[in-house]
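So you can see what is in the structure, the chains are spelled out below.
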Amino acid sequence: MIPETAHGSNFASAAMAGFEVVPVPMRDGEVDMPSFRALCDDRVAAFMATVPNTLGLFEQRILEVSDTVHSCGGLMYFDGANMNALIGVVKPAQLGFDIAHLNLHKTFSTPHGGGGPGAGPVAVKKHLADYLPIPRLRKSEDGSYTWDYASRRSIGRVREGFGNFGVLLRAYTYIRTLGLEGLRQAARDSVLVSNYAAKRLSQVYSLPFSGKPRKHEFVISSKPIGKRAFDIAKHILKWGYAPTIYFPQLVDEALMVEFTESETKREVDEYIQGLLDAAKSDLTSDPNNTAVDRLDEVRAAREPKLTWRDLGYVQP
Ligand SMILES: Cc1ncc(COP(=O)(O)O)c(C=O)c1O
C-alpha cells in the first residue's frame, strides 16, 4: 500500500520487486483513514510512506496507520527522502516503521536535485536483521572488523551493496561535523524557513491545505493566478534558480519549494521575490538572460545531443 501523495519511485520500486501496488487515497493532504482501513487486510505485505509526505505535511495519523498495518501482518517501510524535517527530532522507528532507507544524497549535505549519484543505507528493526544482505560488517572484541557471510536467512548479496563511497563519506563527514544538536538545528531551520516562505507566498499563490503547518518543504499552485508553473519556472531562471515543477501531480500547476537548512535569508527572500515578481509579469519572453532561452523539451529528451567540443584542456 502506498499513499497517493508518494513519489513515483515508490510505486515503481514496489512493482519492480513483484508486489501488487495499491494506492491509498488522501484527504486534506494526508492518508484518508477510512479508505486506508477498508484496504487493509491480510494480503498487505507492506505500507510504504514518506513522512512528511511530498506536500510537506506530517502524517498525523501515522501511529494509527502503523498499528493497523501491523495488526494485518504487514510491515511499515519508510522512504527517507524527507528526513530533512525530522533528523534529531523523531526516529522512523518511533513512528512504527520497521524498515527505513535514508536518501543520503538528499538529506545529509549533498545538494538536493543534484542529479545523483545516490546512496541509501537501509536500516531495519532487530526482528528483520537476519534478512539483511550479506556480507555484513561485524566488529570483533579486539576492535577489528570482519565480513560475515554466514547469516542463513539473509536475502543474499545485492547489486551495489556497498553503496556510493563518495556520497557515504560526505554524509558521514556532515553528520560528524554537525553532531546531534547541529543536525537537530538543521531540521528545525529547514522547517522554519519553509513556513516563512509558505506564509509569504500564500498571499499571492494558492497553498493547498493551508490550515496546516508545513515541514521542510511546501507546494504552491499558480493555477488561481492564471499562470502555468512552467512559465513561472522560466521566469525564475532569470533570477538564477531552477525550481521543481509539476510535482507532486496531485496539485495543479504545482511549484515545489524546498530550501533546506543551507540557504541564507537573503537567498530565500530573493527566491520569494522572484516568484512574487513572476506572478505579476508577462512571462512570454522569459528567460532572457540565459545562454539558451526556451528549449523544445520533448525534442531535447527524445533526440539529445550528447557530443561536446574538445577545447584542448590539458590536465595540469
Ligand atoms: C518523497 C520522495 N521519495 C523518493 C524520491 C526518489 O529519490 P531518489 O531516487 O533520488 O532517492 C524523491 C525524489 O525527489 C522523493 O521526493
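Residues numbered from 1 in each chain as written. Predicted model: local features only at pLDDT ≥ 70, side-chain atom pairs only at ≥ 80, totals over all residues. Heavy atoms only, no water.

With an unreviewed UniProt entry as reference, the protein chain is termed glycine dehydrogenase (aminomethyl-transferring), source organism Candidatus Marsarchaeota G2 archaeon BE_D. Turning to the protein chain, the UniProt record has this under Catalytic activity (unreviewed entry): "N(6)-[(R)-lipoyl]-L-lysyl-[glycine-cleavage complex H protein] + glycine + H(+) = N(6)-[(R)-S(8)-aminomethyldihydrolipoyl]-L-lysyl-[glycine-cleavage complex H protein] + CO2". (UniProt positions renumbered as here; feature names shortened; annotations may be inferred.)

*Asks:* Teacher, can you tell me more about the environment of L128 here?
*Replies:* Examined against the element boundaries, L128 turns out to sit in the loop between β8 (122-124) and β9 (136-139). By relative accessible area, L128 is classed as buried at 13%. Between the C-alpha atom of L128 and that of R153, which follows or precedes it by 25 residues, the distance is 9.7 Å. (Helix = DSSP H or I, 4+ residues; strand = E, 2+ residues; numbered from the N terminus. Buried < 20%, exposed > 50% of the residue type's maximum accessible area, 1.4 Å probe, protein only.)

*Asks:* It is not clear to me how a nonpolar patch on the surface should be interpreted in this structure. Could you clarify?
*Replies:* Taken together, the side chains of L137, Y145, W147, Y149 and F162 define a hydrophobic patch exposed on the protein surface, amounting to about 610 Å² of accessible area. Note on placement: W147 falls in strand β10 (residues 145-148). (Patch = residues over 30% accessible without salt bridge, like charges linked within 9 Å, V, L, I, M, F, W, Y side chains within 5 Å. Areas by Shrake-Rupley, 256 points an atom, 1.4 Å probe, with all protein chains shown as cover. Salt bridge = Lys/Arg side-chain N within 4 Å of Asp/Glu carboxyl O.)

*Asks:* Looking at this structure, how should I read the UniProt feature "domain: Glycine dehydrogenase C-terminal" (unreviewed entry) in the protein chain?
*Replies:* Here, UniProt's "domain: Glycine dehydrogenase C-terminal" (unreviewed entry) annotation points to residues 187-277. The distance from the first to the last C-alpha atom of residues 187-277 is 29 Å, and the span holds 42% helix and 11% strand.

*Asks:* How should I be thinking about the domain arrangement of the protein chain in this particular structure?
*Replies:* It is common to give the size of an interface as the accessible area lost on bringing the parts into contact. For the protein chain, the assigned domains read domain 1 (2-101) and domain 2 (179-280). Using only C-alpha atoms to locate each centre, domain 1 and domain 2 end up separated by 24 Å. Each partner contributes to the interface: domain 1 provides 22 residues, whereas domain 2 provides 22 residues. Together, the buried faces of domain 1 and domain 2 total about 1,800 Å²; carbon and sulfur atoms form 66% of this surface. Inspection of the region where domain 1 meets domain 2 yields one salt bridge. In this structure, the connection of domain 1 to domain 2 is made through six residue pairs in polar contact (both at pLDDT 80 or more). Across the side of domain 1 that touches domain 2, the residue classes break down as nine nonpolar, ten polar and three charged. (Domains from an automatic or database assignment. Contact = heavy atoms within 4.5 Å. Buried area = accessible area lost by both parts, 1.4 Å probe. Polar contact = N/O pair within 3.5 Å; in protein donor to acceptor, adjacent residues only side chain to side chain. Nonpolar A, V, L, I, M, F, W, Y, C, P; charged D, E, K, R; others polar.)

*Asks:* I tried to follow the site of the ligand on my own but got confused; where do I start?
*Replies:* As a matter of local geometry, the ligand sits amid H7, S9, T50, T54, D79, A81, N103, H105 and K106. A distance of 2.8 Å is found between an oxygen atom of the ligand and a side-chain nitrogen or oxygen belonging to H105. Contact with the protein chains hides 70% of the accessible area of the ligand, taken as 400 Å² for the molecule alone. Here the residues of the shell around the ligand are counted per class, giving one nonpolar, six polar and two charged. (Near = heavy atom within 4 Å.)

*Asks:* Is there a simple way to think about helix α5 (residues 229-238) in this case?
*Replies:* Count 3.6 residues to each turn of an α-helix, and residues three or four apart come out pointing the same way. In terms of burial, α5 is a largely internal element, eight of the ten residues being buried. Taken together, the buried positions of α5 are A229, F230, D231, I232, A233, K234, H235 and I236. Following α5 by one or two positions, G240 has its phi on the positive side, about 90°.

*Asks:* Looking at this structure, I do not really get the packing of aromatic side chains. What am I missing?
*Replies:* Two measures describe an aromatic ring pair: the distance that separates the ring centres and the angle between the ring planes. Here the structure, examined in full by the defined rule, presents six aromatic pairs. Ring geometry for F36 against F47: centres 5.5 Å apart, planes inclined by 85°, an arrangement best described as edge-to-face. Linking F36 in helix α2 (residues 33-39) with F47 in strand β5 (residues 46-50), this pair joins segments that are eleven residues apart in sequence. Like F36, the residue F47 is buried in the burial classification. With 4.9 Å between their ring centres and 65° between their planes, F78 and F97 make a pair best called edge-to-face. Note that F78 is positioned in strand β6 (residues 75-79) and F97 in the loop between β6 and β7 (99-101), a separation of 19 residues in sequence. (Phe/Tyr/Trp six-rings, centres within 6.5 Å; stacked < 30°, edge-to-face > 60°.)

*Asks:* Hey, could you run me through the packing of helix α4 (residues 165-201) against helix α6 (residues 265-279) in this one?
*Replies:* Each pair of packed helices can be described by the angle between their axes along with the distance between the axes. Running from N to C, α4 and α6 cross one another at 25°; their axes reach a closest spacing of 10 Å. It follows that α4 is roughly parallel to α6 by the angle criterion. In this structure, α4 meets α6 at a crossing whose hand is right-handed. For the pair α4 and α6, contact is made by V193, Y196, A197, R200 and L201 and by K265, V268, D269, I272, Q273, L275 and L276, respectively. Each residue belonging to the contact of α4 with α6 can be placed in one class, and the counts come to eight nonpolar, one polar and three charged. (Axes fitted to C-alpha atoms, helices over the stretch in contact; angles between N-to-C directions. Parallel < 35°, antiparallel > 145°, perpendicular 65-115°, else oblique. Left-handed = near helix turned anticlockwise from the far one by under 90°.)

*Asks:* Just checking my understanding: could you explain the state of the cysteines for this structure?
*Replies:* Working definition of a disulfide: a covalent bond connecting the sulfur atoms of two cysteines. For the coordinates displayed, the defined rule picks out zero disulfides. Looking at the unpaired C40, the closest cysteine sulfur is the one in C72, lying at 3.2 Å. Assessed through its relative accessible area of 12%, C40 is described here as buried. A relative accessible area of 16% places C72 in the buried class. (Disulfide = S-S within 2.5 Å.)

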